[in-house]
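Overview (structure and organization)
Chain by chain, the residues run as shown.
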Amino acid sequence: MASSFGGPYGYGYGYGDGQQQPQPYPPQPPYGSSPSSSFGSGYRPSFPPGTDPEAIRSFEMADRDWSGYIDEEELQQALCSGPYQRFSTGTVRLLIFLFKNPTDPLGLGPKEFAALWSCLGQWRAIFERFDRDRSGKIDLTELRDALYSLGYVIPPSVLQVLMSIYDSRSSGTCELNFDAFVECGMIVKGLTEKFKEKDLQYTGSATLGYDEFLCMILPFLVSYD
Ligand SMILES: [Ca+2]
């Protein structure tokens, strides 16, 4: 009686002859060779379906210690060698603070990195859309309009403060580079969302205690260098 159970995959649970050997887990450093020459030999960070192949490539290039996570230094490297020219340490720290899963001590995992990559793509689109004079930078009016398009009506006095803070991280020419623009935009977005949680009547005003105020802003401040 011929048996065809199992088909091409067999029906045992062991690793018989001719079957693929199990890949090491967690991924092991390629002793004696550089990671870039050894990709594809078991190092498989698990990305969500539909992740931009460029994001996956950047992750694999950046994860130099093969930990499966991207730390601060590796993220800076990944962003500077990708489609973005430069990212200041301050911006990189803010991105890690905003995207890191608090239970992952080693840095950004594939899922968080993919989310960050997608988010940066959206900021890039906003940057290009509002850089109306094609200077490659965002000036005060362009910043105002960009934030307005996201639903944030920033008063002129606050715009001046934002420009003075992030311009100094940028170039000192009253315009923001992309990394400073992302940092500025994410701070405004993050703090506004926190404030809105306290503004239940949606009036633009909120009453909050001293401790609540500190707890709200300190995580953003300490993410800076
Ligand atoms: Ca511009």
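In this text, all values refer to a predicted model and were calculated from it rather than measured experimentally.

Some thoughts on the UniProt feature "domain: EF-hand" (unreviewed entry) in the chain
Here, the residues flagged by UniProt with the feature "domain: EF-hand" (unreviewed entry) are residues 50–85 and 118–153. For residues 118–153, the helix share is 64%, the strand share is 0%, and the end-to-end C-alpha distance is 25 Å.

Description of the coordination of the calcium ion
Surrounding the calcium ion are the protein donor atoms D131 (OD), D133 (OD), S135 (OG), K137 (O), E142 (OE) and E142 (OE), at 2.1 to 2.8 Å. With six donor atoms in place around the calcium ion and angles of 48 to 154° between them, the coordination shape is irregular. Summarised as a motif, the one-chain spacing of the donors to the calcium ion is D-x1-D-x1-S-x1-K-x4-E.

Quick look at the pattern of salt bridges
For the structure shown, the criterion picks out nine salt bridges. For D145, the salt bridge identified is with R132, shortest N-O distance 2.9 Å. Placement of the pair is D145 in helix α5 (residues 140–149) and R132 in the loop between α4 (110–130) and α5, with a sequence separation of 13 residues. One network of salt bridges, in which partners are shared, links R132, R144 and D145.

Details of the packing of aromatic side chains
Summed over all chains, the structure comprises eight aromatic pairs. On the numbers, 6.0 Å between centres and 85° between planes, the contact of F87 with F178 is edge-to-face. With F87 in the loop between α2 (72–81) and α3 (89–99) and F178 in helix α7 (residues 178–198), this pair connects stretches of sequence that are 91 residues apart. For F87, a relative accessible area of 3% corresponds to the buried category. Both rings, one in F127 and one in F178, keep their centres 5.4 Å apart while their planes meet at 85°; by these two values the pair is edge-to-face. In this pair, F127 sits in helix α4 while F178 sits in helix α7, placing the two residues 51 residues apart along the sequence. Comparing F127 with F178 shows no difference in burial state: the two are buried. One aromatic cluster is present, built from ring pairs that chain together F87, W123, F127, F178 and F181. The cationic tip of R124 hangs over the ring face of F178; the distance from NZ or CZ to the ring centre is 4.2 Å.

The rules we used
Residues numbered from 1 in each chain as written. Predicted model: local features only at pLDDT ≥ 70, side-chain atom pairs only at ≥ 80, totals over all residues. Heavy atoms only, no water. UniProt positions renumbered as here; feature names shortened; annotations may be inferred. Helix = DSSP H or I, 4+ residues; strand = E, 2+ residues; numbered from the N terminus. Donors = N, O, S within 2.8 Å, 3.2 Å for Na, K, Ca; no water. Tetrahedral: all angles 85-135°; square planar, octahedral: opposite > 155°, others 65-115°. Salt bridge = Lys/Arg side-chain N within 4 Å of Asp/Glu carboxyl O. Phe/Tyr/Trp six-rings, centres within 6.5 Å; stacked < 30°, edge-to-face > 60°. Buried < 20%, exposed > 50% of the residue type's maximum accessible area, 1.4 Å probe, protein only. Lys NZ or Arg CZ within 6 Å of the ring centre and 35° of its normal.

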